[in-house]
Amino acid sequence: MAITLLLTVAVLLYQAVLHTDAGAQWALSTLDRQLGGRLERQSQGGDLSSGLTLTGVRYRDDTVDFEAGRLDIALAVDFFPLSLRIKRLALAEVRLQPMNSDTGSGSPVLPDSLALPLEIKVEDLSVDGFDLLGGEQEKVLSLQEIRLRARAKDSLVVEQAKISRQQGWVTLEGEASLERPYAFDLDFASDFAGPLQDGAE
C-alpha cells in the first residue's frame, strides 16, 4: 500500500512539473534560488514537456556574463534506465563574456571525476548566433550556428556536432571520458576559407 502511494505521488509530481505551466514556473524559481537570484528573463511561457520558451535571458556572476535573446527547451524523463532526455534546446542571439576573477592565478584543476549520476541525452541542441566577448566587450569569436546531438554519463559521447560561421564549418564526433585521465577519441572535419578566430591573420 505504501509503495503504491509513493509511486502515485511520484507520477503526479512528474506530471505536474513537466506538463504544466505552474510546474515550469516552480522549476525556474527553484533554479533561480540555487543560482542566488541571478537568473533574469523578460518573459516565459509553456511547459517543460512540450516546450518552455524564455526571452531576454541573462545570468551574471563573478566568472561569466551570459545572455540569450530566446531560449526554448523541452525535456523528458526516462525511467528504465533512469535518464534525463533533452528533446530540444534552442537558443538565439547568445552572448558570452568570461569575467575577471580574483580566485587565484593558477590553472584550474579538474576533479578526479566529472561523471554524472544519471545519463543525460541531448537529442537536438541548436544555437542561432553566438558571440564570445572579450574584456572590453569586443567580439573575440562570432558563430552563425551550433548544432549538437550527444549523451553523457561516465563519458561524453558526441554523436554529431557542427559549428558554422561565415568562413565555413567544423564537424565533430567521438567520445571523451569524464574520469581521469580524461582520455578522448574525437574525429574532426572542416571546410574554412579563413581564420577561425576573429581578428586572426
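Model, not experiment: these values are computed from the prediction.

(A) Geometry of the overall build of the chain. Along the chain, the regular secondary structure elements total two helices and ten strands. Here the chain holds 201 residues, and the buried ones make up 29% of them. Partitioning the contacts of the chain with sequence separation of at least 6, the portion at a separation of at least 24 is 46%.

(B) Highlighting a nonpolar patch on the surface. A contiguous nonpolar patch, built from Phe79, Phe80 and Leu82 and spanning about 410 Å² of accessible area, is present on the exposed surface. Counting through the fold element by element, Phe80 comes out in the loop between β4 (64-79) and β5 (82-98). For Phe80, a relative accessible area of 83% puts it in the exposed group.

(C) Inspection of the pairing of strand β6 (residues 119-133) at higher detail. Sheet analysis places β5 next to β6, joined by eleven bridges and oriented parallel. Along β6, the bridge assignment pairs Leu96 with Leu132. In terms of strand pairing, β6 meets strand β7 (residues 139-152) through eleven bridges, oriented antiparallel. Each residue of the ladder has a partner; that of Val127, found in β7, is Ile146.

(D) Geometry of the packing of aromatic side chains. Following the criterion strictly, the structure yields zero aromatic pairs and no others. The positively charged end of Lys162 is found above the aromatic ring belonging to Trp169, 5.5 Å away from the centroid.

(E) Structural detail: the side chain of Ser126. Among the secondary structure elements, Ser126 is positioned in strand β6. Overall, Ser126 belongs to the buried group, its relative accessible area being 17%. Once you skip the residues sitting within four places of it in the chain, Ser126 turns out to touch Leu89, Ala90, Leu91, Ile146 and Arg147.

(F) A look at unusual backbone geometry. At the junction of Phe80 and Pro81, the peptide bond is cis and its omega measures out at -5 degrees in the coordinates. Along the chain, the position of Pro81 falls in the loop between β4 and β5. Backbone geometry places Glu93, a non-glycine residue, at a positive phi of 55 degrees. Turning to its location among the elements, Glu93 is positioned in strand β5. Look at Tyr182: it is not a glycine, yet its phi comes out positive at around 60 degrees. Along the polypeptide, Tyr182 turns up in the loop between β9 (168-177) and β10 (184-192).

(G) Broad picture of the nonpolar core. Formed by 23 residues in total, the largest nonpolar core has its most connected members in Leu48, Leu52, Leu71, Ile73, Leu89, Leu91 and Val127. Elements with a minimum of two residues in this core: α2 (21-34), β3 (51-60), β4, β5, β6 and β7. Beyond its immediate stretch of four places on either side in the chain, Ile73 contacts Asp47, Leu48, Gly51, Leu52, Arg88 and Leu89.

(H) Broad picture of the side chain of Asp65. In this fold, Asp65 is placed in strand β4. In terms of polar contacts, Asp65 uses its side chain to reach the side chain of Arg58, at 2.6 Å. One polar contact links Asp65 to Arg60, side chain to side chain, over a distance of 3.0 Å. Contact partners of Asp65, with chain neighbours within four places excluded, come to Arg58, Tyr59, Arg60, Arg95, Leu96, Gln97 and Met99.

(I) Quick peek at a negative patch on the surface. A contiguous patch of negative charge on the surface is contributed by Glu173, Glu175, Asp185 and Asp187. Those elements giving two or more residues to the negative patch turn out to be β9 and β10. Assignment of secondary structure puts Glu175 in strand β9.

Reading the values: the criteria
- Residues numbered from 1 in each chain as written.
- Predicted model: local features only at pLDDT ≥ 70, side-chain atom pairs only at ≥ 80, totals over all residues.
- Heavy atoms only, no water.
- Helix = DSSP H or I, 4+ residues; strand = E, 2+ residues; numbered from the N terminus.
- Buried < 20%, exposed > 50% of the residue type's maximum accessible area, 1.4 Å probe, protein only.
- Contact = heavy atoms within 4.5 Å.
- Patch = residues over 30% accessible without salt bridge, like charges linked within 9 Å, V, L, I, M, F, W, Y side chains within 5 Å.
- Areas by Shrake-Rupley, 256 points an atom, 1.4 Å probe, with all protein chains shown as cover.
- Salt bridge = Lys/Arg side-chain N within 4 Å of Asp/Glu carboxyl O.
- Pairing = 2+ DSSP bridges.
- Phe/Tyr/Trp six-rings, centres within 6.5 Å; stacked < 30°, edge-to-face > 60°.
- Lys NZ or Arg CZ within 6 Å of the ring centre and 35° of its normal.
- Core = buried A, V, L, I, M, F, W, Y, C linked by side-chain atoms within 4.5 Å.
- Polar contact = N/O pair within 3.5 Å; in protein donor to acceptor, adjacent residues only side chain to side chain.
- Lys, Arg positive; Asp, Glu negative; His and termini not counted.
- Charge placed at Lys NZ, Arg CZ, Asp CG, Glu CD.

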